[in-house]
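# Coordinate analysis (summary)
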Amino acid sequence: MYGQETTTIRRYVDPNIRDATPALRAREVAFYYGTNKVLEGVSMDMYPNQITALIGPSGCGKSTFLKALNRIGELETKVKVDGTIEFFGQDIYAPGVNLNTVRRQICMVFQRPNPFPISIYDNIAYGLRLVGVNNKAKLDEVVENSLKGAAIWDEVKDKMKKSALGLSGGQQQRLCIARVIAVQPKIILMDEPCSALDPISTIKIEELMLELKEKFTIVIVTHNMQQASRVSDYTAFFNAGEDRMGHMVEYDHTVNIFGSATNQATRDYVNGKFG
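Residues numbered from 1 in each chain as written. Predicted model: local features only at pLDDT ≥ 70, side-chain atom pairs only at ≥ 80, totals over all residues. Heavy atoms only, no water.

### Thoughts on the packing of helix H6 (residues 169-182) against helix H7 (residues 199-212)
In plain terms, the rule: To get an axis, fit a line to the C-alpha atoms, keeping to the stretch in contact for a helix; angles then go from 0 to 180 degrees between the N-to-C directions. To qualify as a helix, a DSSP run of H or I must reach at least 4 residues; to qualify as a strand, a run of E must reach at least 2; elements of each kind are numbered from the N terminus. Roughly parallel here means an angle under 35 degrees, roughly antiparallel means over 145, roughly perpendicular means 65 to 115, and every remaining angle is called oblique. Definitions for this section: a left-handed crossing has its near helix turned counterclockwise from the far helix by less than a right angle. A right-handed crossing has that turn clockwise. Between two residues, a contact is recorded if the distance between any of their heavy atoms is within 4.5 Å.
Interaxial distance between H6 and H7 falls to 9 Å at its minimum, and their mutual angle equals 20 degrees. Overall, the two elements H6 and H7 adopt an arrangement that is roughly parallel. For the crossing formed where H6 meets H7, the hand is right-handed. Across the interface between the two elements, Gly170, Gln173, Arg174, Ile177 and Ile181 of H6 pack against Ser201, Lys204, Ile205, Leu208 and Leu212 of H7.

Structural data, given as structure tokens:
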């Protein structure tokens with residue numbers, strides 16, 4: 001069965017970043033919903049200003065692992081995490097960690113756009129006001145810069161007081177990205193951010209990701225193999241084994257995963273033979 005082949009995971013080392021501290025480092029991460037273990041033994045480094053794609057069939061733990069990276073899974077139900085996840089060297093699961101700080105530094109963009117039912121302006125200003133920024137000139141500046149950073153300013157600059165719910169799906173997703181940019185995180189997590197969008201909107205989001213990695217580290221879950229190959233620097237292939245738990249099968253530079261993967265299950269998946 002797929003997922004049972006074992007191999008030594010080859011980890012590509014880019015000479016330009018080999019001395020960099022990983023933005024995120026996972027070591028032997030296991031994840032439980034209640035007492036049900038759904039993910040086991042994930043170890044990988046995600047480097048600054050790189051895009052890491054998590055790929056694999058449904059039910060293999062990709063989104064679960066993504067949620068573990070900023071502890072947002074704890075908002076859904078009772079969970080347990082074994083192993084360590086470090087954010088620039090600090091264990092985010094250590095006792096006493098401020099979860100609000102973790103989630104402000106490691107922000108999530110969800111599968112379906114989720115703008116607040118308020119104005120476009122207030123959507124972007126919302127997170128700033130939560131941390132005490134109320135100066136209008138400062139808010140105006142950050143709102144404009146964030147919308148420009150998400151490549152949507154020209155489309156909404158004359159609609160700032162209108163409801164964000166009136167935007168198209170692709171515009172809403174870029175608005176949500178702008179809302180994340182406004183609080184200046186270090187890392188942006190994206191859980192299938194284009195799955196609900198049309199092809200033109202998808203291209204805009206992909207182009208935006210490539211621009212954003214100049215300032216942010218990005219980890220994306222995607223079922224779109226072409227998308228993973230187009231935008232990511234690194235790719236991790238996840239699969240479920242006979243034990244029905246998710247495992248990370250292989251992690252490497254994207255060029256290697258799609259061109260010369262060492263694991264047969266990886267090669268079969270990226271070539272569309274299952275999934």
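### A few points about the nonpolar core
The line we're drawing: Here, nonpolar core refers to any group of buried Ala, Val, Leu, Ile, Met, Phe, Trp, Tyr and Cys residues whose side-chain atoms link them within 4.5 Å. Burial classification: accessible surface area is computed with a 1.4 Å probe over protein chains only, and a residue below 20% of its type maximum counts as buried, one above 50% as exposed, and the rest as partly exposed.
In this structure, Leu147, Met160, Ile177, Ile188, Met190, Met209 and Leu212 are the most contacted members of the largest nonpolar core, which totals 48 residues. If one sorts the elements of this core by residue count, H6 sits on top with 6 residues. What methionine 160 contacts, discounting residues up to four positions off in sequence, is Ser119, Ile120, Tyr121, Val143, Leu147 and Trp153. Counting residues in each nonpolar core, the second largest holds 35 residues, with Phe87, Ile92, Val221 and Phe238 among its members.

### Focus: the pattern of salt bridges
Cut-off, in case you're wondering: Whenever Lys or Arg places a side-chain nitrogen within 4 Å of a carboxyl oxygen from Asp or Glu, that contact is recorded as a salt bridge.
Taken as a whole and judged by the stated rule, the model has 13 salt bridges. One salt bridge connects arginine 27 with aspartate 45, and the closest N-O pair in it is separated by 3.1 Å. Remark: aspartate 45 occurs in strand E2 (residues 36-46) and arginine 27 occurs in strand E1 (residues 24-33); sequence separation between them is 18 residues. Its relative accessible area of 33% is what places arginine 27 among the partly exposed residues. By relative accessible area, which is 12% here, aspartate 45 ends up buried. Residue arginine 174 pairs with glutamate 155 through a salt bridge whose shortest N-O separation is 2.8 Å.

### What to know about a nonpolar patch on the surface
Applicable threshold: Patches draw on residues past 30% relative accessible area with no salt bridge. Two like charges within 9 Å are joined, as are two nonpolar side chains (Val, Leu, Ile, Met, Phe, Trp, Tyr) within 5 Å. Only the protein chains shown count as cover for residues, with accessible areas throughout obtained via the Shrake-Rupley method and a probe of 1.4 Å.
A surface patch of nonpolar side chains, amounting to about 370 Å² of accessible area, comprises Ile118, Tyr126, Leu130 and Val131. Within the secondary structure, tyrosine 126 sits in helix H3 (residues 120-130). Accessibility expressed as a relative area gives 41% for tyrosine 126, which makes it partly exposed.

### A short note on the pairing of strand E3 (residues 51-55)
Looking along a regular strand, one sees the side chains alternate between the two faces of the sheet. Threshold: The rule for pairing is simple: two strands pair if DSSP sees at least two bridges between them.
Counting buried residues along E3, 5 of its 5 residues qualify, which places the element largely inside the surrounding structure. By the bridge criterion, 4 bridges tie E3 to strand E8 (residues 217-221) in an arrangement that is parallel. Across the sheet, the residue bridging to alanine 53 is isoleucine 220, located in E8. Across 4 bridges, E3 lies against strand E9 (residues 234-240) in parallel orientation. Across the sheet, isoleucine 55 pairs through a bridge with phenylalanine 237, a residue of E9.

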